[in-house]
Amino acid sequence: MNFINSAWQKELEPYQKNFFGQKKDKRITEWRELLSKLPTLKNKQIDLIDGVVILCDLDKKDLEDVKSLLLKFLPWRKGPFQINDLIVDSEWKSNLKWERFLELNIDLSGKTILDVGSGNGYSGFRMLGCGAKEVLCLEPNLMHVSQFAAINHFVESSEIKMLPARLEELNIPDPAFDLIFSMGLLYHQRNPEAHLKLLSSHLRENGIIVLETIIAPEDFGNALIPEERYANMPNVHFVHTELGLMHLANNMGLEIISKSTKQLTTLSEQRSTEWMPFGSLGSAINKDDRNLTIENLPAPNRQFFVIKNPSNLA
Ligand SMILES: C[S@@+](CC[C@H](N)C(=O)[O-])C[C@H]1O[C@@H](n2cnc3c(N)ncnc32)[C@H](O)[C@@H]1O
């Protein structure tokens, strides 16, 4: 049976045995070797509803070996993933973002989903836990692709796949997705209109975009435009206000039909761990005022928006 449809099945074919396709990265040989050393798990029980949890028959020593292998895929930005007592304690507690998505009460059952900028696929696995029919993760950073390959080696789901590509590289013209997620991407876009336009070009009739982004306070007008860095990130171009995002969507003939509450990112949600030992939010936030970044800009508040083409409104 085709994954999504025959065009996508053909597009994904070269990646079935070779996760990285023709892409180049000096770590590919090391990742391939690590992947080949991961054990086959016996008597598995997979829970993607309460987290990404893999329970299996594995003695303490073998679990230690799995830990040393997985640690070599560093840095783990998204997670957590659990294998018996082993917790891959990533930089982000991505389960908290997922819980905020769940508050929107969007039915994923039987849906075909594209997760643009999926990271290592944490949310994609949770989408399957909510009954999604098939999830295509799109992720150009091969470090995340290698982690997805490691986790799906254990989960062994054929309903989730990862394409190591950028949204701009997709060349399948027929819209095939019921839902398209873009989480943590909009503020990195030099041209946010083009990003929304591309997302909506892959939506089936009645499909929706689930957009999650950093939102600036209203006194910034349409958007906060950092002079250089924002929260220590060099590649942030526009941090929209709610009003600015509404204008952006409306100008393109799109409509925001619901949204979550805003959530200040806390030092408990994003932090350095054994699995991501480098700098994190703690070094991007003003030590004297937790509500400001080190550039004295408003600290990141994140929010979900659900977007439809008006012609698709029920
Ligand atoms: C901030 S992370 C967000 C990860 C995940 N969506 C989340 O919310 O936890 C943004 C991800 O988008 C990926 N990305 C950046 N530009 C992209 C593009 N043009 N197309 C697809 N993915 C992209 C990055 O490699 C990165 O993994």
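Residues numbered from 1 in each chain as written. Predicted model: local features only at pLDDT ≥ 70, side-chain atom pairs only at ≥ 80, totals over all residues.

Observations regarding helix α7 (residues 192-201)
This is how it is decided: In this scheme every C-beta is placed from the backbone, and a residue whose C-beta has 20 or more other C-beta atoms within 10 Å is buried, one with 12 or fewer is exposed, and one in between is partly exposed. Working definition: helices are DSSP H or I runs of at least four residues, strands are E runs of at least two. Numbering for both runs from the N terminus. This arc corresponds to the set of directions leading from the helix axis out to the C-beta atoms. Contacts here follow a simple rule: the backbone-placed C-beta atoms of the two residues must lie within 7 Å.
For α7, every residue scored as buried is listed here: Pro192, His195, Leu196, Leu199 and Ser200. With its buried residues spanning 125° around the axis, α7 presents them on a single face. Exposed residues on α7 whose side chains face more than 90 degrees from its buried face are Glu193 and Ser201. Where α7 is buried, its residues touch β5 (112-116), β8 (177-183), β9 (203-214) and α8 (242-251).

Quick notes on the nonpolar core
Defined as follows: Note on terminology: a nonpolar core is a set of buried residues of type Ala, Val, Leu, Ile, Met, Phe, Trp, Tyr or Cys, with members joined through C-beta atoms within 7 Å.
Counting 74 residues, the largest nonpolar core has Ile113, Val135, Leu179, Ile180, Ile209, Val210 and Val239 as the members making the most contacts within it. At seven residues, the largest contribution of residues to this core is made by helix α6 (residues 142-155). Setting aside chain neighbours within four positions, we find Val135 in contact with Ile113, Asp115, Gly124, Met127, Leu128, Glu159 and Ile160.

Some details on the packing of helix α2 (residues 28-37) against α6
The following threshold applies: Between N-to-C directions, angles span 0 to 180 degrees; the directions come from axes that are lines fitted to C-alpha atoms, helices contributing only their stretch in contact. Every angle not falling under 35 degrees, over 145, or within 65 to 115 is termed oblique; those three ranges are roughly parallel, roughly antiparallel and roughly perpendicular. Polarity classes work like this: nonpolar for Ala, Val, Leu, Ile, Met, Phe, Trp, Tyr, Cys and Pro, charged for Asp, Glu, Lys and Arg, and polar for all others, with Gly in that last group.
Interaxial distance between α2 and α6 falls to 10 Å at its minimum, and their mutual angle equals 10°. If you check the angle between α2 and α6, you find them roughly parallel. Contacts between α2 and α6 pair Ile28, Trp31 and Leu35 from the former with Leu142, Ser146, Ala149, Ala150 and His153 from the latter. Residues of the contact of α2 with α6, tallied by class, amount to six nonpolar, two polar and no charged.

Here we look at the pairing of β8
The criterion, for reference: Two strands make a pair as long as DSSP finds a minimum of two bridges between them. Orient the strands so they point away from the viewer, and a crossover whose first-strand-to-second-strand path over the helix runs clockwise is right-handed.
By the criterion of burial, β8 is predominantly enclosed, with seven of the seven residues buried. Bridge count between β5 and β8: four bridges; the pairing is parallel. In the strand pairing of β8, Leu114 is matched with Ile180. Two elements, β8 and β9, share six bridges in a ladder whose sense is parallel. Following the sheet pairing, Ser182 is matched in β9 by Leu211. Viewed along the sheet, the connection from β8 through α7 into β9 turns out right-handed.

What to know about unusual backbone geometry
Omega for the bond connecting Leu74 with Pro75 falls within 30 degrees of zero, at -5°, which places this linkage in the cis form. As for its position among the elements, Pro75 is in the loop between α3 (60-71) and β3 (81-83). Here the amide bond leading from Gly79 into Pro80 is cis, since omega sits at 5°, within 30 degrees of zero. Structurally, Pro80 is set in the loop between α3 and β3. The backbone of Asn43 shows a phi angle near 50°, a positive value even though the residue is not glycine. Inspection of the secondary structure puts Asn43 in strand β1 (residues 42-47).

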